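This is what each chain is made of:
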Amino acid sequence: MVNSLTQGEDEDPEGDSGVLVVFVPDLILTLYYPLAGKALDDRSFDCNDEGACYINARINCNLCDYLKHPTISVFPKFLPDEIIYREITRGDHVLMIQETPFSCGGIAIGLVASHKIFDGTALCAFMKTWATIARDSIVGALAPNFSASSIFPQNHSFPEDLTTSALASVLYKNNMSVTKRFVLDGSVLSNLKAKATSSIVPDPTRLEVASEFIVKCMMSALKTVKPCIQKSVLVANLVNMRRRAVPQFPENFLGNFLMIALMMSESEGEGIELCDFVRQMREAVKAINDDVVKSFEGDEGLEIYVGP
């Protein structure tokens, strides 16, 4: 297999980073062969074995220093070509990787991959397999499962503007997205979880209570800025459909198996009880069940959503 995951000219061939770059590619791209190709359009790829794009970069600081005070504005520099979002065009690499060694010897690995092939779960499976191979062991390396296309054949009748990638492009193109970092320490989360616990939801998660806290702050801010205007907040949660199927699909099931669970929260509900918010949020997620997953299967999949 020919690939472009090559060692940087200024890289130390005896160092750990050289092992990462030189040893892994052939094995990992043999298992994940679509990643060695390029895009034909936004829905199909040419598995031509030209290889993924591998970029070497360097940063003059210690990893521990950056982690103490991480800066959101610096984060894109750890990604290939500083790509946060970009629509796929013909000739684009399916996978781009950037290796950024720190002065202390630590390494940041940034990946940009098509959401048509990877969602978060599939990407984690890829990274675990890569790590296993990097430890010089093919034993235990989990190969990807490519059976998704036979279970969920491509359906061109589904409105393109309703896909998750199309919805995301609207936000990014119109500068409607803002990235911020909020840190909630363990004691705050424990307190929120205690308040959210109820007979209906006896085990609220950190994600659920943190989401409620952020939404409540947003609603309070909306009310302060425009107190006379009714505002609503649409809360969206991405659901991994692998775990909603019965029996569950394996975690190495390659593809974009995400569905959005939505719930609407009105601004007048600023005083909504934490336990009620968590209950509504969990009900929205639970609505995506095995029946919903099965409705996507086969050539007639999605009919109930697309309509006649």
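Residues numbered from 1 in each chain as written. Predicted model: local features only at pLDDT ≥ 70, side-chain atom pairs only at ≥ 80, totals over all residues. Heavy atoms only, no water.

Caption draft 1: Focus on the packing of aromatic side chains. Scanning the model with the defined rule gives eleven aromatic pairs in all. Site record: aromatic cluster; members linked through ring pairs are Y32, F118, F126 and W130. (Phe/Tyr/Trp six-rings, centres within 6.5 Å; stacked < 30°, edge-to-face > 60°.)

Caption draft 2: The arrangement of a nonpolar patch on the surface in detail. Together, L234, L238, I260, L262 and M264 make up a nonpolar patch on the protein surface, roughly 480 Å² of accessible area in all. Those elements that provide at least two residues to the nonpolar patch are β6 (232–240) and β7 (258–266). It is β7 that provides the largest number of residues to the nonpolar patch, a total of three residues. Relative to the elements of secondary structure, L234 occurs in strand β6. (Patch = residues over 30% accessible without salt bridge, like charges linked within 9 Å, V, L, I, M, F, W, Y side chains within 5 Å. Areas by Shrake-Rupley, 256 points an atom, 1.4 Å probe, with all protein chains shown as cover. Salt bridge = Lys/Arg side-chain N within 4 Å of Asp/Glu carboxyl O. Helix = DSSP H or I, 4+ residues; strand = E, 2+ residues; numbered from the N terminus.)

Caption draft 3: How the structure looks around the side chain of N252. The residue N252 is located in the loop between β6 and β7 in this model. When its relative accessible area of 10% is taken as the criterion, N252 is described as buried. Ignoring any residue separated from it by four or fewer positions in sequence, one finds N252 in contact with A125, L142, A143, P144 and N145. (Buried < 20%, exposed > 50% of the residue type's maximum accessible area, 1.4 Å probe, protein only. Contact = heavy atoms within 4.5 Å.)

Caption draft 4: Quick peek at the side chain of Q98. The residue Q98 is located in strand β4 (residues 95–101) in this model. Apart from the residues lying within four places of it in its own chain, the contact partners of Q98 are I55, A57, K77, F78, L79, P80, D81, A108, I109 and G110.

Caption draft 5: Geometry of the sheet that holds β4. With mixed pairing, three strands are arranged side by side in an open sheet as β3-β4-β5. Sheet topology places β3 (53–56) and β5 (107–113) at the edges, where each strand pairs with a single neighbour. Strand-to-strand twist of the sheet, defined as the mean angle between neighbouring strand axes without regard to direction, takes the value 15 degrees. Across four bridges, the pairing between β3 and β4 is parallel. If you follow Y54 over to β4, its bridge partner there is I97. Taken strand by strand, helix α4 (residues 120–134) contacts β3, β4 and β5, and its axis lies near 135 degrees from that of β5. (Pairing = 2+ DSSP bridges. Axes fitted to C-alpha atoms, helices over the stretch in contact; angles between N-to-C directions.)

Caption draft 6: Highlighting the pattern of salt bridges. Tallied over the entire structure, the rule returns seven salt bridges. In this structure, the salt-bridge partner of R282 is D203, at a minimum N-O distance of 2.9 Å. Highlighted residues: R282 in helix α9 (residues 274–286) and D203 in the loop between α7 (186–196) and α8 (206–225), separated in sequence by 79 residues. Owing to a relative accessible area of 17%, R282 belongs among the buried residues under this scheme. Since its relative accessible area comes to 47%, D203 is described here as partly exposed. Here the salt bridges share partners, and the residues they tie into one network are D203, E208 and R282.

Caption draft 7: Highlighting α4. Between its terminal C-alpha atoms α4 stretches 21 Å, which fits the 21 Å expected from 15 residues at 1.5 Å a residue. Three or more residues of α4 are buried, namely T121, A122, A125, F126, T129, W130, T132 and I133. The first or second residue beyond α4 is D136, which carries a positive phi of 65 degrees. (Expected span 1.5 Å × (residues − 1).)

Caption draft 8: Broad picture of the confidence of the model for the protein chain. Model confidence for the protein chain is summarised by a mean pLDDT of 79, while 80% of its residues fall at 70 or above. When mean pLDDT is taken per element in the protein chain, α7 scores highest with 93 and helix α1 (residues 16–23) scores lowest with 41. (pLDDT = per-residue confidence, 0-100.)

Caption draft 9: Up close: the state of the cysteines. A full pass over the atoms with the stated rule returns zero disulfides. Left unpaired, C104 is separated from the closest cysteine sulfur, that of C64, by 6.0 Å. (Disulfide = S-S within 2.5 Å.)

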